[in-house]
Amino acid sequence: EFLINKGYFIKVIEDLAQMIEEKRDYLSGLDSDIGDGDHGINLSIGFREVMKNLGDWKEKDLTFLFKKMGMALLGKVGGSAGPLYGSFFMKFAEQAGGKESVSFVEFYNMFKAGIEAIEMRGKAVVGEKTMVDALRPGLDEFTKSMAEGAALKKAFERFVDAARQGSEATIPLIAKKGRAMRLGERAIGHLDPGAASAVLMLEIFYNNL
Ligand code: ADP
Ligand code: MG
Ligand code: MG
């Protein structure tokens, strides 16, 4: 059976950290429009902490690696998104079952558990102008692709495309969760920063497949 190995995941983490640096000001800029302007900075603090430790963590299995990564994001990053992405990676870790490589189904289960963890922690549903607007429709499309027997790369492409559409669909929305809530109608016309960062991260998982 085809397995997704540790080398893939380590490259993804390195690319995530690099992307966050490149997009830091862009993401904080989106957050300046409807929040407190720190979304890119928050993620940068978290991923710098991850990169400081990756050399040690990567000697171990995927569960250890992503649990540590989740703990770093939960522990080091203030604000909403750090803990939300932190819980994502904690549950992502669990589903890797202590192994160094995972099957397609296990890979799917990692994303499913991670996204459900974000929903549990933040209590947001689609339409409230958060990262869930990208992640939930993305996951639903990934689930459908799996049921239809799509190949891994194709299934993940559908995942990312649906997430991107969901992210763009946050633009006309009023926020019902997070700081942007306070803006009421003034949030209309702005892309949600967490939805944007979620898509950027999924693109990296996709590009490395
Ligand atoms: P903060 O708003 O605390 O400064 P960030 O700026 O890092 O934290 O993250 C803001 C993003 O977090 C929002 O754009 C939104 O996507 C996401 N977010 C905020 N609250 C929630 C929630 N309850 N559920 C899901 N996502 C949320
Ligand atoms: Mg913010
Ligand atoms: Mg903040």
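Residues numbered from 1 in each chain as written. Chains lettered and ligands numbered in written order. Predicted model: local features only at pLDDT ≥ 70, side-chain atom pairs only at ≥ 80, totals over all residues.

### Observations concerning the nonpolar core
Next up, step 1: If you look at the biggest cluster of nonpolar residues, it comprises 55 residues, and the most contacted ones within it are Phe89, Leu135, Ala163 and Ala198.
Next up, step 2: Those elements that provide at least two residues to this core are α1 (6–34), α2 (39–57), α3 (62–76), α4 (81–94), α5 (104–122), α6 (132–147), α7 (152–168) and α8 (193–207).
Next up, step 3: Setting aside anything within four residues of it in sequence, one finds alanine 163 in contact with Ala134, Leu135, Pro137, Gly138, Ala198, Val199 and Leu202.
Next up, step 4: With 5 residues, the next largest nonpolar core counts Ile34, Leu173, Ala175 and Ala187 among its residues. (Core = buried A, V, L, I, M, F, W, Y, C linked by C-beta atoms within 7 Å. Buried ≥ 20, exposed ≤ 12 C-beta atoms within 10 Å, placed from the backbone. Helix = DSSP H or I, 4+ residues; strand = E, 2+ residues; numbered from the N terminus. Contact = placed C-beta atoms within 7 Å.)

### Let's talk about the packing of α4 against α5
Next up, step 1: As a packed pair, α4 and α5 sit with axes 7 Å apart at the nearest point and diverge in direction by 145°. α4 and α5 meet at a crossing whose hand is right-handed. Contact residues: α4 offers Pro83, Leu84, Ser87, Phe88, Phe89, Met90, Lys91, Phe92 and Glu94, while α5 offers Met110, Ala113, Gly114, Ile115, Ala117, Ile118, Arg121 and Gly122.
Next up, step 2: Of the residues contributing to the contact of α4 with α5, the split by class is 11 nonpolar, 3 polar and 3 charged. (Axes fitted to C-alpha atoms, helices over the stretch in contact; angles between N-to-C directions. Left-handed = near helix turned anticlockwise from the far one by under 90°. Nonpolar A, V, L, I, M, F, W, Y, C, P; charged D, E, K, R; others polar.)

### Section: the site of ligand 1
Next up, step 1: Not every one of the 23 residues close to ligand 1 is listed here, only the nearest: Gly79, Ala81, Gly122, Gly178 and Gly194.
Next up, step 2: Secondary structure elements with two or more residues in the shell around ligand 1: α2, α4 and α8.
Next up, step 3: Of the residues forming the shell around ligand 1, the biggest block, 3 residues, is contributed by α8.
Next up, step 4: Looking at side-chain class alone, the shell around ligand 1 contains 7 nonpolar, 9 polar and 7 charged residues. (Near = placed C-beta within 6 Å.)

### Quick notes on unusual backbone geometry
Next up, step 1: Positive phi is not limited to glycine here, since lysine 123 has a value of about 60°.
Next up, step 2: Note on placement: lysine 123 falls in the loop between α5 and α6.
Next up, step 3: In this structure, lysine 129 is a non-glycine residue whose phi angle is positive, near 65°.
Next up, step 4: Among the structural elements, lysine 129 can be located in the loop between α5 and α6.

### Here we look at the confidence of the model for the protein chain
Next up, step 1: With 100% of its residues at a pLDDT of at least 70, the protein chain reaches an overall mean of 97.
Next up, step 2: Interface predicted TM-score (ipTM) for the complex: 0.99; the corresponding pTM is 0.98. (pLDDT = per-residue confidence, 0-100.)

### Brief notes about the environment of arginine 179
Next up, step 1: Mapping arginine 179 onto the fold places it in the loop between α7 and α8.
Next up, step 2: Arginine 179 gets classed as partly exposed once you count the C-beta atoms within 10 Å, which come to 17.
Next up, step 3: Along the chain, arginine 179 and aspartate 31 lie 148 residues apart, while their C-alpha atoms are 9.4 Å from each other.
Next up, step 4: When sequence neighbours within four positions are dropped, the list of residues in contact with arginine 179 reads Gly35 and Asp36.

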